[in-house]
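Overview (structure and organization)
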Amino acid sequence: MTESTATDVAETIAAPTPPTAKREPVTIEQVGRTRTDPYQWMKDENWQKVMRDPSVLRADIREYLEAENAYTKTVLEDPTESLRETLFEEMRGRIKEDDSSVPSKDGPYAYYVRYREGGEYPIYARKPADQAFQDDAPETILFDGDQEAEDESYFSIRGLDQSPDHTLLASAIDTQGSEYYTISVRNIETGEAVGEPIEGTYGSFVWGANSDLLYWVERDDNGRPTAVFQRNLETGEDVEIYREADPGFFVGVDKTESEEFITIETGGHTSGEVYVFPADATDPEPKLIAPRKEDEEYSVTHWNDAFYILTNADGAVDFKLMKAPIDNPGRENWEEVVPHRPGTLILGLDAHKDHLIRLERENALPRIVIRERTTGDEHTIAMDEEAYDLGLSGSGEFDSTVMRYEYASPAVPDQTYDYDMATRERTLRKTREIPSGHNPEDYVVERIMAPAWDGEEIPVTILRRADTPVDGSAPLLLYGYGSYGITVTPEFRTSRLSLVDRGFIYAIAHIRGSQAKGYQWYLDGKLEKKDNTFKDYISSGRYLVDNGYGAPGRVVGHGGSAGGLLMGAAANLDPDLFGGIIAAVPFVDVINTMSDESLPLTPPEWPEWGNPITDAEAYDTILAYSPYDQVSDQDYPAMLITGGLSDPRVTYWEPSKWAAKLRHEAPEAGPYFLRINMDAGHGGSTGRFEGLKETAVEYAFALAAVGKAESLDLSDTAGSE
């Protein structure tokens, strides 16, 4: 750094001094190992109450978090205020403010979602089914999100669903960010409440066939979905239908596409079981499809007078399709329909009366396969492009030959098609409108294969402007996740264009731990093989740099939740690659979280990470990559670290402890900005425009990290804290 640059930097961010967290070392002994945690005090001993009511947070913790927020505001947000406002207005300008979804027919009505100009939250409405695609059709508003959210600082809609007879509407709402949802039922015609609200739910529910019963999932005091109850709307009585005893299994409730059966699914990350009962039952007795087996998964679809079962049983790593009789659906009666094909992952099923639809992925690209009921003939919907996203949208009508799917690519806005499976004719129902203008020809989408450290090939999706040079001069944002088998799809997101239009190259690394290349790709990025996830990400970044898509020190890493773990691990492995790190709600205190059985996600996630409480090898494996535990005096890049006070998934103390330890162990690096949303949970702000403001903070940081923000240059500020 030159003397003049150092002076400029000092003038820019010398004041104020970042908060210094107190250190109160706590010694923890576990499986014959000992570790010390100096920031354990940041975890409120009454954290469960904090999740439900953030106002009860302990005063010293609140004081520290507010000091961190004030520092971030003064040093990062205030200097970039004009830039952030410009970014926000750009991103907002790409949103059709009065946008609406394609109506979905259900019986006599067509249901849809729309927004009003300036509105933060959706309006749910319906019109007569025979006028579904007429703009002037009479409308009935079922739920006005803006009105319902008035005076709420946080407002999350988990679910809304009309009753089968179309007279009632049930909703699941969270106003804290804790993900404890309140389910309410109202009469559509009068707007009056039907019975008392159901508190403390997981937010998932389904209607019984006769519209007088509602099945809902309880969320226990540890934040886990553990039981299914039946609410009788006439009596107000709640009756327990199923309760799960294993804290590692989460419970869900659903209804088959035929609407003839209700399913109860219980399971962990790699095993589970399904119960079914008729949707018109008044005193249901759930029937078990097949008992749980370790490392075996299955799901159930009702079609063609049988249960169709998607499973990885018998070594079918990428899943196969079986069917079983309804009256005796045990494993001994499973019959193969679509065999296992290594490398072709079956992602899911959708059923219509005469057609069974499955979504598959091969070579990191999706396709839709349609099977005809009487002949068993199949045909495929796929796109001839390097990288794209293709998904099932559902038409809302089981007894129909029309299915709905959505297509997009990083450069092409979402398109919604209705597809007649009998005639193979498709109708474009909607193309996402970009009011400020967008020409896909201005952009280039590429899919490259980056060589991994062990010879594997890692798919990487790239988006850039056609006039952005690939000569190492452009900054690179490298996004990654790589856990739980979740695959980041190459979808269209308007917000990314604000970086790409400023010369960034935007890349997504489809690393191990996802299912981009099949289920084995996931298995090779978990437990004792978790290091593959981190090494793949670094290999992707280095390959991109070596091929002109970026330069060392001008790469911004971006990931959230388990992707935040990836950011922390990558920063420890190769800090010189990065000019900045955006770690959103990062899961970085892995060893402590996986050792705390009271936390909502700990027992269910032992199959993903290992159980360090009982397994010394798992302890050693986790400790070796846990970002919080592996912080050392390295030349870390600038970091933006975010969290939510009421987040039940990645608790607020994880990013807070990590930021404090980074400052203590590597004070000459950074700077480190901690930003805790005191009014939100895991997903941040819920309003569509308020969420853009958070994205604007992230992107302003990214631009500053590579020297492309005129008001703040973080591109060489190590030691300036």
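How each quantity is defined
- Residues numbered from 1 in each chain as written.
- Predicted model: local features only at pLDDT ≥ 70, side-chain atom pairs only at ≥ 80, totals over all residues.
- Heavy atoms only, no water.
- pLDDT = per-residue confidence, 0-100.
- Contact = heavy atoms within 4.5 Å.
- Pairing = 2+ DSSP bridges.
- Helix = DSSP H or I, 4+ residues; strand = E, 2+ residues; numbered from the N terminus.
- Axes fitted to C-alpha atoms, helices over the stretch in contact; angles between N-to-C directions.
- Buried < 20%, exposed > 50% of the residue type's maximum accessible area, 1.4 Å probe, protein only.
- Expected span 1.5 Å × (residues − 1).
- Salt bridge = Lys/Arg side-chain N within 4 Å of Asp/Glu carboxyl O.

This part covers the confidence of the model for the protein chain. Mean pLDDT over the protein chain: 94, with 96% of residues reaching 70 or higher. Segment residues 1-14: pLDDT under 50, and twelve contacts once partners within four positions in sequence are set aside and those in other chains are kept.

What follows covers the sheet that holds strand S29 (residues 425-431). Strands sit in the order S26-S27-S28-S29 across an open sheet of four strands; the sheet is antiparallel. Taken across any chain shown, the strands that pair with only one partner, and hence form the sheet edges, are strand S26 (389-392) and S29. The mean angle between the axes of side-by-side strands here comes to 25 degrees, regardless of whether they run parallel or antiparallel. Across six bridges, strand S28 (residues 415-420) lies against S29 in antiparallel orientation. Looking at the pairing, Tyr-419 lines up with Arg-426 of S29.

Attention shifts here to unusual backbone geometry. A cis amide bond links Gly-670 with the next residue in sequence, Pro-671, at an omega value of 5 degrees. Positive phi, normally seen in glycine, also occurs at Ser-211, with a value near 70 degrees. Along the chain, Ser-211 turns up in the loop between strand S10 (198-207) and strand S11 (213-219). Residue Ser-211 is classed as buried on the basis of its relative accessible area of 5%. Its identity as a non-glycine residue notwithstanding, Ala-364 has a phi of 70 degrees, on the positive side. In this fold, Ala-364 is placed in the loop between strand S23 (355-362) and strand S24 (365-372). Among the residues examined, Ala-364 registers a relative accessible area of 9% and is labelled buried.

Right, let's talk about the sheet that holds strand S6 (residues 140-144) for a bit. Taken in spatial order, the four strands of this open sheet run S3-S4-S5-S6, and their pairing is antiparallel. Because the sheet does not close on itself, it has two edges, and the strands there are strand S3 (104-106) and S6. With strand direction ignored, the average angle separating the axes of adjacent strands in the sheet is 25 degrees.

It is worth spelling out helix H9 (residues 562-573) at this point. Relative to the 16 Å expected for twelve residues at 1.5 Å per residue, H9 spans 17 Å between its end C-alpha atoms, a close match to the ideal helical length. Along H9, eleven of the twelve residues are buried, which leaves the element largely enclosed by surrounding structure.

Time to look at the pattern of salt bridges. For the structure shown, the criterion picks out 50 salt bridges. Between Arg-58 and Asp-60 there is a salt bridge, and its shortest N-O distance comes to 2.7 Å. A relative accessible area of 23% places Arg-58 in the partly exposed class. Here Asp-60 falls in the partly exposed class, since its relative accessible area comes to 26%. Here Asp-146 ties to Arg-116 by a salt bridge, and the two come within 2.9 Å at their closest N and O atoms. Of this pair, Asp-146 sits in helix H5 (residues 145-148) while Arg-116 sits in the loop between strand S4 (109-114) and strand S5 (123-128), and the two are 30 residues apart along the sequence. Residue classification places Arg-116 among the partly exposed residues on the basis of a relative accessible area of 32%. Look at the salt bridges and you will find they share partners, linking Arg-341, Arg-358, Glu-360, Glu-362, Arg-367, Arg-371 and Glu-378 into a network.

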